[in-house]
Amino acid sequence: MFQKVLAGVLVAVVLAIGTLSCTGPTGPAGPAGESAEAGAVTGAMGLPGITGPQGPPGTGVAGGDAGVVLPVGCLSPCHGFNGVITQYQSSVHYSTFITNVGGDEATAWTTPGSVCGNCHAIDGVALRVAGKVGTTDGGVVEHLGNGQILYRNPPDAGVSTESTYAGGALVAKVDCTTCHAVTNANDPHKTGIPWTDGSFPFVVPSGATDVSYIEKTQPGSTTTGTVVPGLLNTTGSQGPGNACVFCHKSRKDVTTYVTASNKITSLNWGPHEGPQADVFSGMGGYSYAGKTYGQSAHQAKLQCIDCHMPPVANNSKVPDHSFAPRLSACIGCHATAVNFDVNGGQSLVRASLTELRTVLNNAGALTQTATAPYLALPASVIADPAADMTLDKARPNGAADGGATVLAADQAGALYNYFLIARGGAMGVHNTKYTQQIVYDSIVAMGASPVAIALRPQ
Ligand code: HEC
Ligand code: HEC
Ligand code: HEC
Ligand code: HEC
Ligand code: HEC
């Protein structure tokens with residue numbers, strides 16, 4: 001992942017130079033290859049020229065194309081220095097695409113009938129909103145247009161099945177058109193009319209009463225899915241951030257996924273990478289009987305885009321499209337914050353999660369190797385609080401390697417909760433109280449006494 005990000009950053013830097021040279025003197029020779037492909041792909045989706053300033057090798061951008069210096073109307077918010085385009089090209093949404101161009105992922109993730117394209121294909125979200133996904137046996141996805149992807153199969157059974165991608169884009173990219181409904185009528189490249197505030201509408205419903213769903217069925221409920229609460233739990237809308245919820249969630253319904261006895265056969269067992277909405281909502285983890293779970297102060301005041309896309313003052317106040325969380329979004333409330341570890345909140349969660357990791361490892365439930373015989377993590381790795389927990393995988397049990405015994409519900413729930421926090425990346429910032437509660441309960445469920453968080457937060 002690190003290498004991928006690095007490669008992406010390099011490409012982004014090169015592209016930034018290309019974009020800059022639109023208004024400057026003769027630029028350096030434009031590189032060939034990957035970035036040129038990026039332009040072609042974007043063009044095919046109806047936004048020609050958005051990465052267009054990239055010239056062919058050797059011609060230079062401004063020099064070779066002296067006649068096509070962009071009009072001033074294109075600069076803000078998109079094509080200027082650190083405009084939306086440059087920000088976007090510095091994002092992981094873009095760098096991962098560049099890394100995967102021509103690779104197996106792009107094909108495998110976007111093949112019609114696979115489950116991956118619903119989030120990884122360039123048009124996956126638009127198709128979901130339009131009601132187009134694949135199911136079997138007449139299965140119907142509830143709340144499809146509001147982000148849900150799982151359905152009951154058969155309808156009256158407790159098993160949740162994942163709907164499939166119904167498109168054929170063959171482009172694995174979270175692009176402008178993945179989030180914005182760009183048509184001939186509002187695409188500035190087609191209309192020639194410069195951007196005006198609000199002229200880039202959303203693909204997903206994002207009004208004040210438009211809710212979005214994570215996949216968890218609340219225990220005892222007859223309908224699947226759970227609404228992500230909105231500010232002060234009132235409307236339930238994350239606004240434009242509903243788009244984030246469509247993809248950044250677990251893909252698993254923990255209520256039906258964890259059963260009384262769990263024989264783990266896949267290294268990929270547990271929530272998928274990026275289950276942030278499950279944590280942010282304070283509702284997506286495995287709940288222990290008799291416990292109540294709460295929200296942190298952030299839930300009352302903040303939504304995904306408040307921290308990840310703060311408005312950029314010198315860019316027409318359009319939100320930051322690097323999508324990375326920004327410290328500037330914290331200091332309005334945490335005036336003295338110098339990093340995200342406000343009041344040691346992340347360190348505390350990391351210490352507690354390391355405890356959970358140790359007990360799960362001792363129970364034979366974790367591994368980092370992808371091939372049998374599946375090995376438990378070495379003690380030096382487990383004890384390292386800075387270890388990259390996102391590499392951890394579920395250790396298949398009952399498999400040929402003679403792994404651990406089958407996990408009972410509460411223990412499998414602990415493993416599930418471990419992955420939920422480890423793969424979510426924010427170490428508690430997304431919902432401090434809820435994170436601490438589920439990690440605490442999970443350690444207890446594994447038969448140990450929590451040390452870092454000595455008292456369960458109420
Ligand atoms: C519900 C939406 C969703 C679905 C469906 C989905 N993914 Fe993902 N996937 C994500 C998100 C969001 C991330 C980014 C997580 C992060 O980086 O925090 C991700 C990340 C990944 C990564 C790691 C990113 C990288 O490039 O290293 C891999 C690998 C991956 N997904 C594979 C798959 C595969 C294979 C499928 C189908 C079996 C699939 N995904 C289905 C949302 C989804
Ligand atoms: C992952 C989703 C996502 C992607 C990808 C994305 N945007 Fe945005 N965009 C947003 C969100 C969220 C907002 C904030 C809207 C708000 O606050 O009302 C926004 C706002 C904007 C705005 C200002 C709002 C308006 O209606 O005028 C523009 C312009 C814009 N984006 C252009 C782009 C361009 C160009 C790209 C591709 C380089 C892009 N966006 C990619 C999510 C996305
Ligand atoms: C169409 C699905 C989709 C949507 C919508 C989406 N994302 Fe992503 N996001 C992904 C995937 C997939 C990745 C992993 C990189 C990739 O493959 O693009 C990712 C990666 C990220 C990362 C980098 C994670 C890392 O590991 O470094 C951040 C941060 C992020 N997204 C934030 C957001 C925010 C904020 C929104 C809402 C404005 C959003 N995303 C909307 C699918 C999506
Ligand atoms: C209170 C501000 C805040 C809110 C609200 C918020 N985030 Fe985050 N997010 C963060 C911080 C801080 C991190 C951790 C960054 C770090 O430690 O490097 C993070 C991490 C992430 C990551 C992983 C990035 C990585 O480097 O692995 C993704 C993806 C993400 N958030 C998506 C979301 C989504 C989706 C939502 C809404 C459901 C959301 N965030 C709400 C602040 C926030
Ligand atoms: C709207 C105001 C607001 C913003 C913006 C905000 N926070 Fe907070 N945050 C709070 C409040 C209030 C608490 C609870 C503090 C308390 O109970 O003493 C809190 C608690 C925390 C905690 C738990 C540690 C503690 O003291 O309880 C962390 C970690 C944290 N915030 C990180 C962040 C980060 C990182 C950002 C920016 C990405 C951010 N916050 C943005 C208001 C905010």
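Details of the structure are given in the entry above.
The sections below set out a description of the structure shown in this document.

Rules of the game
Residues numbered from 1 in each chain as written. Chains lettered and ligands numbered in written order. Predicted model: local features only at pLDDT ≥ 70, side-chain atom pairs only at ≥ 80, totals over all residues. Heavy atoms only, no water. Phe/Tyr/Trp six-rings, centres within 6.5 Å; stacked < 30°, edge-to-face > 60°. Helix = DSSP H or I, 4+ residues; strand = E, 2+ residues; numbered from the N terminus. Lys NZ or Arg CZ within 6 Å of the ring centre and 35° of its normal. Near = heavy atom within 4 Å. Polar contact = N/O pair within 3.5 Å; in protein donor to acceptor, adjacent residues only side chain to side chain. Nonpolar A, V, L, I, M, F, W, Y, C, P; charged D, E, K, R; others polar. Donors = N, O, S within 2.8 Å, 3.2 Å for Na, K, Ca; no water. Tetrahedral: all angles 85-135°; square planar, octahedral: opposite > 155°, others 65-115°. Buried < 20%, exposed > 50% of the residue type's maximum accessible area, 1.4 Å probe, protein only. Core = buried A, V, L, I, M, F, W, Y, C linked by side-chain atoms within 4.5 Å. Contact = heavy atoms within 4.5 Å. Salt bridge = Lys/Arg side-chain N within 4 Å of Asp/Glu carboxyl O.

To continue, consider the packing of aromatic side chains. The full count for this structure, using the stated rule, is eight aromatic pairs. Between Tyr293 and Tyr434, the aromatic rings sit 5.8 Å apart at their centres with planes inclined by 75 degrees, giving edge-to-face as the arrangement. A residue pair is termed long-range when its members are at least 10 positions apart, and Tyr293 in the loop between α13 (276-280) and α14 (297-301) and Tyr434 in helix α19 (residues 432-445) qualify at 141 residues. Connected via pairs of aromatic rings, a cluster forms that spans Tyr88, Tyr94 and Phe97. Against the face of Phe97 rests Lys173, its NZ or CZ located 4.5 Å from the ring centre.

It is worth spelling out the site of ligand 4 at this point. The environment of ligand 4 is formed by 19 residues, the closest being Gln276, Cys304, Cys307, His308 and His430. Contacts to ligand 4 include His308, whose side-chain N or O atom sits 2.7 Å from a nitrogen atom. Here His430 contributes a side-chain N or O atom positioned 2.8 Å from a nitrogen atom of ligand 4. In the shell around ligand 4, the residues fall into 10 nonpolar, nine polar and no charged.

With that settled, the discussion passes to the coordination of the iron atom of ligand 2. With distances of 2.0 Å, the protein atoms coordinating the iron atom of ligand 2 are His180 (NE2) and His321 (NE2). Classification of the site at the iron atom of ligand 2 rests on its six donor atoms, whose angles at the metal span 88 to 179 degrees, yielding the label octahedral. Of this pair, His180 sits in the loop between α9 (176-179) and α10 (188-191) while His321 is found in the loop between α15 (304-308) and α16 (345-362), placing the two residues 141 residues apart along the sequence. Accessibility assignment for this pair places His180 and His321 in one class, buried.

By size, the foremost hydrophobic cluster in this structure holds 32 residues, and its most contacted members are Trp269, Leu353, Leu356, Leu360, Leu415 and Tyr418. Counting only elements with at least two residues in this core, the list comes to α16, α18 (409-422) and α19. Top contributing element to this core by residue count: α18, with nine residues. In this view, Leu356 contacts Ala414, Tyr418, Val439, Ser442, Ile443 and Met446; residues no more than four positions away in its chain are not counted. Listed in part, the six residues of the second largest apolar core include Tyr94, Phe97, Ile98 and Val171.

Right, let's talk about the pattern of salt bridges for a bit. Counted under the stated rule, the structure contains six salt bridges. Here Arg251 and Glu162 are joined by a salt bridge, their closest N and O atoms 2.9 Å apart. Taken as a pair, Arg251 in the loop between α11 (242-247) and α12 (254-257) and Glu162 in strand β3 (residues 160-162) lie far apart in primary sequence, 89 residues in all. Taking the shortest distance from any N to any O, the salt bridge between Arg456 and Asp441 comes out at 2.8 Å. A residue pair is termed long-range when its members are at least 10 positions apart, and Arg456 in the segment after α19 and Asp441 in helix α19 qualify at 15 residues. Accessibility classification places Arg456 together with Asp441 in one group, the buried group.

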